[in-house]
Amino acid sequence: MAVKEIVKYPSPILEKKCKEVVKFDQQLATLLDDMYDTMVAADGVGIAAPQIGVDLQVAVIDMGDGQEVIELINPEVVAIGGSEIDIEGCLSFPNLFGEVERPYYVKVEAQERNGSIYEIEAEDYTARALLHEIDHLNGVLFNTKIKRIVTLEELEAMEEEIEMLDERQGEEA
Ligand code: CO
């Protein structure tokens, strides 16, 4: 268990295709645990191994709200559907946020930390997180996909609006 330093853009490791994981050992388990701790410490919903300087196809996603943590090892997108534009950020790009178009639905085949193969289907923001992290493992960064940059002021205004709506709903309940 350790919080690692996050690799910020630009750095060559962020823009190369990561190596396939072939050993499902204690070292991999430690990497996954360190990635989780680093992601939580940085208040992120996802992190890819190159973001802590490790050239391997490993990513971790935690959407919060009591949802299970997703561990992706050697993930492959096997199906996509629909499309949606939403705002993204990235731990390697402090203070950069922008609108990115991505499929609304995704099906991914990946391996668990013990090496067993599984499939995961996701929609909406979870699908977005999966695709963002899988992009990282292929050396593709979200800044190359931004259609419109969203300023911090815009983002704060949106967050205030959401808080106001939440408060109103709380009063009604
Ligand atoms: Co990212």
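Residues numbered from 1 in each chain as written. Predicted model: local features only at pLDDT ≥ 70, side-chain atom pairs only at ≥ 80, totals over all residues. Heavy atoms only, no water.

Novice: What am I meant to see in unusual backbone geometry here?
Specialist: A negative phi angle is the norm for most residues apart from glycine, just as the trans form is the norm for most peptide bonds. A cis amide bond, omega 0 degrees, links Y9 with the succeeding residue P10. The phi angle at D43 is positive, at roughly 65 degrees, despite the residue not being glycine. In this structure, D43 sits in the loop between α1 (26-41) and β1 (46-48). Positive phi values are uncommon outside glycine, yet D65 reaches one of about 55 degrees. With respect to the helices and strands, the residue D65 is situated in the loop between β2 (58-61) and β3 (70-81). (Helix = DSSP H or I, 4+ residues; strand = E, 2+ residues; numbered from the N terminus.)

Novice: Mind showing me how you'd approach the pairing of strand β6 (residues 105-111) here?
Specialist: Sheet faces and side chains relate simply in a regular strand, where the side chains alternate between the two faces. Two elements, β3 and β6, share six bridges in a ladder whose sense is antiparallel. Looking at the pairing, A79 lines up with K107 of β6. Of the pairings in the sheet, the one linking β6 to strand β7 (residues 117-123) comprises seven bridges and is antiparallel in character. Residue Q111 lies in a different strand from β7, and its bridge partner there is I117. The turn linking β6 back onto β7 is made up of five residues, and G115 within it adopts a positive phi angle of 100 degrees. (Pairing = 2+ DSSP bridges.)

Novice: Looking at this model, I keep getting lost on the packing of aromatic side chains. Mind explaining?
Specialist: Summed over the entire model, instances satisfying the criterion amount to two aromatic pairs. An angle of 75 degrees between the planes, with centres 5.4 Å apart, marks the rings of F93 and F142 as edge-to-face. One end of the pair, F93, is in the loop between β4 (84-88) and β5 (98-102); the other, F142, is in the loop between α2 (124-137) and β8 (146-149), and 49 residues separate them in sequence. An identical accessibility class is assigned to F93 and F142; each is buried. Put simply, the rings of Y9, F93 and F142 touch in pairs and so form one group of aromatic residues. (Phe/Tyr/Trp six-rings, centres within 6.5 Å; stacked < 30°, edge-to-face > 60°. Buried < 20%, exposed > 50% of the residue type's maximum accessible area, 1.4 Å probe, protein only.)

Novice: Sorry, what's going on with α2 here?
Specialist: Structural remark: α-helix, 3.6 residues per turn; residues separated by three or four positions point the same way. Between the first and last C-alpha of α2 there are 20 Å, a value that for 14 residues agrees with the 20 Å anticipated at 1.5 Å per step. The element α2 is extensively covered by neighbouring structure, given that 12 of its 14 residues are classed as buried. Restricting attention to buried positions, one finds in α2 the residues T126, A127, R128, A129, L130, L131, H132, E133, I134, D135, H136 and L137. Looking one or two places after α2, you find G139, whose phi comes out positive at around 75 degrees. (Expected span 1.5 Å × (residues − 1).)

Novice: How should the side chain of E88 be read in this particular structure?
Specialist: Mapping E88 onto the fold places it in strand β4. Take E88: its relative accessible area is 2%, and that puts it in the buried class. Within the structure, E88 has its side chain in polar contact with the side chain of R102 (distance 2.6 Å). At 2.8 Å, the side chain of E88 and the side chain of R128 are in polar contact. Leave out the neighbours within four places in its chain, and E88 touches L96, F97, G98, V100, R102, Y125, R128, H132 and F142. (Polar contact = N/O pair within 3.5 Å; in protein donor to acceptor, adjacent residues only side chain to side chain. Contact = heavy atoms within 4.5 Å.)

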